[in-house]
Amino acid sequence: MADNWVKPTSSNDPDSAWTNEANAYDGNTATYAINGTINKYVEYLRASILCDKIRVYATTTEGGGYAAVDLSIDVYYGAAWHNIYSGEIADRTWVEKTIGSNQIVTKVRIKGTVLLPWLFEVEFNNISVAPTVTTQAVSAIALETATGNGNITDTGGQNATKRGVCYNTTGSPTTADDVFEENGDFGTGAFTASMTGLAGGTKYYVKAYAITPAGTIYGSEVSFTTGVVVTTQSPTDVLPTTITGNGNIT
């Protein structure tokens, strides 16, 4: 999978030790955030993404001229900070540091540990994949009710906020048609949706779906036909050896 580098959307300077913090995510490697006090973090934040590495573009000017700089880089996931690197970063070069696994990340923090750094840019590698949903056969089919079945098989790194089934009588249903859905915070797993108020003896087309930050994701289409009611009437044309039975699909 190709890298997909994305920028922070905001910053936090908990010790007020940095200036021009926004320069580190303006897309310009000629502007920089400056650390005025050694061993003081600046934090860079964005909406949660599935991430496997961070990259930075930095330098120091202490001692005269540009030089490599020692940085400590922490990433926030699983409700805690995790250090992914402490050591030298090459002068004004994009340097990538891996997290060690794929994690849902919301922020990174960086500080200089030996000399005061200039931080030109910092970016997250977004490896989120498209969510996937499957549709299973409809079950418990009755005259006016049935149970739709779906499964979120991959969240793409961000849980769904809605899941359910959409249906119609013409094919290729979407959420613009009739739906039965539930709201919540849904990861992977199977789910059901009770469809009620259906017409008897009618063919319906159904898709399971989930709504995530990536959009509305549909499963494949399945179909089913609701039940019918049959009544039996009195026989007619009764003869010694023959008889006519009578019924009615109502």
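Residues numbered from 1 in each chain as written. Predicted model: local features only at pLDDT ≥ 70, side-chain atom pairs only at ≥ 80, totals over all residues. Heavy atoms only, no water.

(A) Molecular detail of the overall build of the protein. A tally of regular secondary structure across the protein gives 0 helices and 18 strands. Radius of gyration (C-alpha) of the protein: 30 Å, far over the 18 Å computed for a compact globule of 250 residues. If you line up the protein on its principal axes, its C-alpha atoms span 120 × 30 × 25 Å. Excluding contacts between residues fewer than 6 apart, the proportion of contacts in the protein whose partners are at least 24 apart in sequence is 67%. Of the roughly 12,100 Å² of accessible surface on the protein, 48% is carried by carbon and sulfur atoms. Counting 14 positive and 24 negative side-chain charges, the protein places the averaged centre of each group 4 Å from the other. (Helix = DSSP H or I, 4+ residues; strand = E, 2+ residues; numbered from the N terminus. Rg over C-alpha atoms; globule rule 2.2 N^0.38 Å. Contact = heavy atoms within 4.5 Å. Areas by Shrake-Rupley, 256 points an atom, 1.4 Å probe, with all protein chains shown as cover. Lys, Arg positive; Asp, Glu negative; His and termini not counted. Charge placed at Lys NZ, Arg CZ, Asp CG, Glu CD.)

(B) Seen up close, the environment of N83. Along the chain, N83 turns up in strand β7 (residues 80-89). Along the backbone, N83 and T37 are 46 residues apart, and their C-alpha atoms lie at a distance of 20 Å. Beyond its immediate chain neighbours, meaning those up to four positions away, N83 contacts S72, I73 and D74. Polar contacts involving the side chain of N83 include one to the main-chain carbonyl oxygen of Y85, which spans 3.3 Å. (Polar contact = N/O pair within 3.5 Å; in protein donor to acceptor, adjacent residues only side chain to side chain.)

(C) Looking closely at the nonpolar core. Core analysis: the biggest nonpolar cluster contains 29 residues, and Y44, I54, V56, V108 and L119 have the highest contact counts within it. Of all elements in the fold, only β5 (42-59), β6 (69-77), β7, β8 (95-112) and β9 (118-126) reach the threshold of two or more residues within this core. Among the elements that make up this core, the one with the highest residue count is β5 (7 residues). Residue contacts for I54: discarding those within four places in its chain leaves W5, V75, I84, V95, E96, K97, V108, V122, E123 and F124. Membership of the second largest hydrophobic core comes to 19 residues, among which are A146, I152, I217 and F224. (Core = buried A, V, L, I, M, F, W, Y, C linked by side-chain atoms within 4.5 Å. Buried < 20%, exposed > 50% of the residue type's maximum accessible area, 1.4 Å probe, protein only.)

(D) Inspection of the pattern of salt bridges at higher detail. Inspection of the entire model under this criterion finds 9 salt bridges. The residue K7 makes a salt bridge to E123 at a minimum N-O spacing of 2.6 Å. With a gap of 116 residues between them, K7 in the loop between β1 (5-6) and β2 (10-12) and E123 in strand β9 connect regions that are remote in the sequence. On the accessibility criterion, K7 (30% relative accessible area) is partly exposed. Residue classification places E123 among the buried residues on the basis of a relative accessible area of 5%. With a shortest N-O distance of 2.8 Å, D74 and R109 are connected by a salt bridge. Placement of D74 in strand β6 and of R109 in strand β8 is noted, with a sequence separation of 35 residues between them. Each member of the pair, D74 as well as R109, is classed as buried. (Salt bridge = Lys/Arg side-chain N within 4 Å of Asp/Glu carboxyl O.)

(E) Region of the structure containing the sheet that holds strand β12 (residues 160-168). Taken together, 4 strands build an open sheet; the order of strands is β13-β12-β15-β16 and the sheet is antiparallel. For this open sheet the edge positions go to β13 (178-186) and β16 (215-225), each flanked by a neighbour on one side alone. Looking at each pair of strands side by side, their axes are set apart by 15° on average, direction ignored. When strand β15 (residues 203-212) meets β16, the two strands line up antiparallel, connected through 9 bridges. Residue pairing in the sheet places Y209 in a bridge with Y218 of β16. (Pairing = 2+ DSSP bridges. Axes fitted to C-alpha atoms, helices over the stretch in contact; angles between N-to-C directions.)

(F) Focus on the side chain of K97. Positionally, K97 belongs in strand β8. Buried charged residue K97 carries no salt bridge. Nearest counter-charge: E96, at 9.5 Å. Among all residues touching K97, those that are not within four sequence positions of it are K53, I54, I73, I84, Y85 and I89.

(G) Structural context of the confidence of the model for the protein. Per-residue pLDDT for the protein has a mean of 92; in total, 96% of the residues score no lower than 70. Considering each helix and strand of the protein separately, the mean pLDDT is smallest for strand β18 (residues 244-249), with a value of 67, and largest for β7, with 98. (pLDDT = per-residue confidence, 0-100.)

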